[in-house]
Amino acid sequence: MSKRTEEYFKNVPMKSYDLLREGLIVLALATVIVVVLAAVFRSPDYPTVRGEDVANLQPIAFLQTSADILAGNHGVQDYGPPYTSDTENAQSLFGVKPADWFGVTTPVDPAEDLVLKPLRRVALLNSGVANALQEYEAANPDQQQAWATAYLDGLDQATEESGKVSVPSGDYGPVAAMMNGMLALGQAGLLEGAIESGNQLPYSLNYTKSLLFFQDDVDAAVAEKLDMKGDQWGVSNETGRFPGAWWLWPYAFLYQIPPMSSSPNADLQAIAIAFAAFLLLFLIPLIPIIRALPRYLGIHRLIWRDWYRRGGSRHSQSP
Amino acid sequence: MNLTRSAQRFLANNLTLEDALPTRLPVYVSSVAYLFGVTALSAIGVLVLTGVTMSLFGPEWYHGGQAPGSGVGRFVNSMHFWSAQLLFFALFAHIVTKYAIAAWRDGRWKTWMVGVLALGAAIFTGLTGFLAQTNWDSQWIAVQAKDAMNAIGIGAFFNTMNTGQVLTLHVVALPLLLGLLVGIHLFFIRRDGPVKPFDARQQDEQAN
């Protein structure tokens, strides 16, 4: 025993102990518990939402997503750093916008990266899409916007049969042909491959843009069915009946109460509060009232009940 | 300056073999509450074992692949999942019981603080684990968690949707950080020993 521990335990009676034996017993028990839980309940593995699935099973939703992105309605469109350079939408707390500190590090232009670039690949294989794309890119931005908006309105009355979508006639310009090209791309299972066109192919390990494609309505609809949206305490939930990251319940709770429940700065506010709480936990040994509380809570009397039953401090005087 | 002699002196003063691997303990250490820490360590042990096993065969082995033995891979993945659940259960029980006995007393504040940092590292490691599952959970959590990361500026360096970064963080960088913090935490625990009950401390003070 070192001098400091010998000094500390000078008046305290000791008992025999086997650290390794205790550790091995607990390790064996923990392993058995984990093996039994894994064998009985297995683990969550809900399949990903893929372009192919959405295009074939929910073709109207696929077209709405594609047209929304083209019309500039994607959630990342005016997001700010790290995706876009406009900074006014970055989350703010007391005028501080940490998101703006480091600028654009993952540039994303939703209409260009998620729709037009993939369509240029389709255009190589489909002259109808090539002509439509040429007409669209030759038009001025107002005209492009008008076509996309009209198409989105038309989609509200669209019908679907056997994977084919019928949109009422309207002034959609080339957008209808372009969107049919997107749908064909999706139904062929090529959407993600067409979006990810980095120099690292075929070794890309970064599917940021593919993940962003469905993040707004489609992913949110799936998440709502699975009780995983933010207002359903989603960050701490898992699919099915599996326990999720329940240790984030206090953090998820913050999103359920004002001002976070309706604030555009909810993430920054929630993290600031969570960080303050973590700091409080970290500094407990130095905070007068909180560090004194355990003595009065009485839980220590349960933990040291044998010690107190044998006389507590009087016990330490015995040889 | 003889570094080896300095190291010997440091260990003699701070961590002898009896401190590191004790064969005697104060009699007041007699409660299941003292087992939550070793339970958390055991869960980390199973996490490392299953994690390293999964890393040997790769993601297709443990998630949805058709590779030979992928059934075993899924089972190992399930063990990894439930070990994480056990770890956090044990960690929270450990923190609550250590708070209840004010375990930071008598100069043990560093043990508490490093432990809290380890909890933070474990939470972040858990997040990257959920992101690295390559299933719907990862997909949804990635697009949701990115907003929080971006809001605090971390998004410039940590992209929750970058599968490669998430995977390497989860299997290398964060386990090393967690291991380092747990190692320091254990050093303080073994060096200082278990804190005395409230009245034992008062008794000592009266005796002095």
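Residues numbered from 1 in each chain as written. Chains lettered and ligands numbered in written order. Predicted model: local features only at pLDDT ≥ 70, side-chain atom pairs only at ≥ 80, totals over all residues.

Observations regarding the overall build of chain A
Part 1 of the argument: Secondary structure assignment for chain A yields 16 helices and three strands.
Part 2 of the argument: Dimensions along the principal axes, computed over C-alpha positions, put chain A at roughly 95 × 50 × 40 Å.
Part 3 of the argument: Buried positions account for 31% of the 319 residues belonging to chain A.
Part 4 of the argument: Expressed as a percentage of contacts within chain A between residues at least 6 apart in sequence, the contacts between residues at least 24 apart total 55%. (Helix = DSSP H or I, 4+ residues; strand = E, 2+ residues; numbered from the N terminus. Buried ≥ 20, exposed ≤ 12 C-beta atoms within 10 Å, placed from the backbone. Contact = placed C-beta atoms within 7 Å.)

Concerning the nonpolar core
Generally speaking, soluble globular proteins have nonpolar side chains that are buried together.
Part 1 of the argument: Within the largest apolar cluster, 116 residues are counted, with the highest numbers of intra-cluster contacts made by A:Tyr151, A:Val175, A:Met178, A:Met179, B:Ala43 and B:Leu87.
Part 2 of the argument: Per-element accounting of this core gives the leading share, 13 residues, to helix H5 (residues 70–100) of chain B.
Part 3 of the argument: Excluding residues that lie within four positions of it along the chain, A:Tyr151 makes contacts with A:Ala67, A:Tyr172, A:Val175, A:Ala176 and A:Met179. (Core = buried A, V, L, I, M, F, W, Y, C linked by C-beta atoms within 7 Å.)

A few points about the interface of chain A and chain B
Part 1 of the argument: Each side of the interface is counted separately: chain A has 85 residues, and chain B has 83 residues.
Part 2 of the argument: It is helix H2 (residues 19–41) of chain A that provides the largest number of residues to the side of chain A that touches chain B, a total of 13 residues.
Part 3 of the argument: In the sheet, strand S1 (residues 14–16) of chain A pairs with strand S1 (residues 24–26) of chain B via three bridges, with the strands oriented antiparallel. Among the inter-strand pairings, A:Met14 is bridged to a residue of S1(B), identified as B:Pro26. (Pairing = 2+ DSSP bridges.)

A few points about the environment of A:Phe213
Residues and elements named next belong to chain A.
Part 1 of the argument: Mapped onto the fold, phenylalanine 213 is located in helix H10 (residues 208–213).
Part 2 of the argument: A residue is classified by how many C-beta atoms lie within 10 Å of it, and phenylalanine 213, with 28 of them, is buried.
Part 3 of the argument: In this structure, the C-alpha to C-alpha distance between phenylalanine 213 and serine 66, residues 147 residues apart in sequence, is 8.2 Å.
Part 4 of the argument: For phenylalanine 213, the residues in contact, after removing those within four places along its chain, are Gly51, Thr65, Leu114 and Ile195.

Some remarks on the domain arrangement of chain B
All names here are of chain B.
Part 1 of the argument: As assigned here, chain B comprises domain 1 (32–101) and domain 2 (104–194).
Part 2 of the argument: Relative to domain 2, the C-alpha centre of domain 1 lies at a distance of 15 Å.
Part 3 of the argument: Breaking the side of domain 1 that touches domain 2 down by element, the ones donating at least two residues are helix H3 (36–57) and H5.
Part 4 of the argument: Looking at which element gives the most residues to the side of domain 1 that touches domain 2, the answer is H5, with four residues.
Part 5 of the argument: A breakdown of the residues in the side of domain 1 that touches domain 2 according to their chemical character gives six nonpolar, three polar and no charged. (Domains from an automatic or database assignment. Nonpolar A, V, L, I, M, F, W, Y, C, P; charged D, E, K, R; others polar.)

Here's the deal with helix H11 (residues 217–225) of chain A
Part 1 of the argument: All of the buried residues along H11(A) are A:Asp219, A:Val222 and A:Ala223. Viewed along the axis of H11(A), the buried residues span an arc of 100°, placing them on a single side of the element.
Part 2 of the argument: The secondary structure elements touched by the buried residues of H11(A) are helix H7 (136–151) of chain B.
Part 3 of the argument: A:Asp227 occupies a position one or two residues after H11(A) and carries a positive phi of about 60°. (Arc of directions from axis to C-beta.)

Some points on the packing of H3(B) against H5(B)
All names here are of chain B.
Part 1 of the argument: For the pair H3 and H5, the least separation of the axes is 8 Å and the interaxial angle reads 155°. By the criterion of interaxial angle, the relationship of H3 to H5 is roughly antiparallel. Crossing of H3 against H5: the hand is left-handed.
Part 2 of the argument: Each residue belonging to the contact of H3 with H5 can be placed in one class, and the counts come to 16 nonpolar, 11 polar and no charged. (Axes fitted to C-alpha atoms, helices over the stretch in contact; angles between N-to-C directions. Parallel < 35°, antiparallel > 145°, perpendicular 65-115°, else oblique. Left-handed = near helix turned anticlockwise from the far one by under 90°.)

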